[in-house]
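Close look at the chain arrangement
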Amino acid sequence: MAEEKLVESLIYAKPESLYPVGTHYCPGCTHGVAHRLIAEVIDELGVREETIGVAPVGCAVFAYNYFNMDFAEAAHGRAPAMATGIKRVSPDKIVFTYQGDGDLASIGMAEIIHAAARGENITVIFINNANYGMTGGQMAPTTLPGQKTTSSPLGRDVEMHGFPIRVAELLSQLDGAVYVVRRSLHSVANIRKAKKAIRQAFEVQQQGLGFSMVELLSSCPINWGLPPVEALQWIEDHMLPAYPLGDYKVHPAIAKKPTR
Amino acid sequence: MAKGRIVVDESLCKGCELCTTVCPKDLIAMDKGRFTPKGYHPAELVDPEEACTGCAICALICPEAAISIYRWVPAAKAVGVAS
């Protein structure tokens, strides 16, 4: 059999939807993975020129420096409200928000619930890392019972601090939400599933079905006090039992093509 | 001959070591003898037996999108994915 001529082909490089710059995220932080998945999906859908993102307050406050597309910066927790305005003025654009748990589940809880209840045709990417990363690892609404943070040094005491909020389950109860799922970024297989879910969420918006949200369990190695590799294991050991992965609401129009 | 290779952009790599844990052939190691411009030990491909297949799993977990993947393919199938 004749030798087939082989050529070296570049099969993967940083997505076009990300600027070729370094990020300010800590080493091993899965914010970077989430950014890359969103950028890859936008590249694959070919909608970079039509996409407007809304950055939160939190670690991802500088997301507009990394995403190579139009971006707006919202006041703390108000990204869904700003995205609502942008989407209603420019319904032909793809509008997404990128929010952490301190932003979305605490100060922005009213905005996210009402945006979902109104069925705003936007996509929300929700990063759940069980603490306030940017300000130094304080207790967030998603902090696990017993988890030590800088503002709960003895561990979260549910008698005093209450229980964590499961956002995906909460929003799935609202009629306006049509695609609400939880994925994790702690392993290669889960990263692949997360990307499929993000793509599905953007396609839901393209089809005009309504509100879509992807919750991503994410690591915070520095504030958890763990090396990056052990932080991913911590997600699997501690966050997965408290925040089960799954599809909490899938619109019947897309339910025939499960993403898991 | 290796089926593929990776290129780590050392201006982006932060030495988090996640890629070293997922390589199916355990070909990625941190170069403890060098520092990147940011001051981290960079990840590098250590592939003396040319076993890398260009599977891109390391690129999938890299939080900095610092890894580019090259693969040797038949000329007819070669497509320029990126510049």
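If you're wondering where the values come from, they're calculated on a predicted model, not measured in any experiment. (Residues numbered from 1 in each chain as written. Chains lettered and ligands numbered in written order. Predicted model: local features only at pLDDT ≥ 70, side-chain atom pairs only at ≥ 80, totals over all residues. Heavy atoms only, no water.)

1. Comments concerning the overall build of chain A
When you go through chain A residue by residue, the secondary structure sums to nine helices and eight strands. With respect to the principal axes defined by its C-alpha atoms, chain A has extents near 70 × 45 × 35 Å. Across the 260 residues that make up chain A, the buried fraction comes to 57%. For chain A, contacts bridging at least 24 residues in sequence account for 68% of all contacts bridging at least 6. Split by element, the accessible area of chain A, about 10600 Å² in all, is 56% carbon and sulfur. (Helix = DSSP H or I, 4+ residues; strand = E, 2+ residues; numbered from the N terminus. Buried < 20%, exposed > 50% of the residue type's maximum accessible area, 1.4 Å probe, protein only. Contact = heavy atoms within 4.5 Å. Areas by Shrake-Rupley, 256 points an atom, 1.4 Å probe, with all protein chains shown as cover.)

2. As for the state of the cysteines
Counted by the stated rule, this structure contains zero disulfides over all chains. Distance from the sulfur of B:C13, which forms no disulfide, to the nearest cysteine sulfur (B:C19) is 6.4 Å. (Disulfide = S-S within 2.5 Å.)

3. Remarks on helix 7 (residues 188-206) of chain A
All names here are of chain A. Here helix 7 spans 27 Å end to end across 19 residues, near enough to the 27 Å set by a 1.5 Å rise per residue. Every buried residue of helix 7 is listed here: V188, N190, I191, A194, A197, I198, Q200, A201, F202, E203, V204 and Q205. Once helix 7 finishes, G208 follows within two positions and takes phi at roughly 70°, a positive value. (Expected span 1.5 Å × (residues − 1).)

4. Observations concerning the pairing of strand 4 (residues 67-74) of chain B
Relative to strand 4 of chain B, strand 1 (residues 6-12) of chain A is paired through six bridges, and the arrangement is antiparallel. Within strand 4 of chain B, the position partnered with A:L6 by the bridge is B:P74. As defined by bridge partners, strand 1 (residues 4-8) of chain B adjoins strand 4 of chain B across five bridges and the pair is classed as antiparallel. Within strand 4 of chain B, the position partnered with B:G4 by the bridge is B:R71. (Pairing = 2+ DSSP bridges.)

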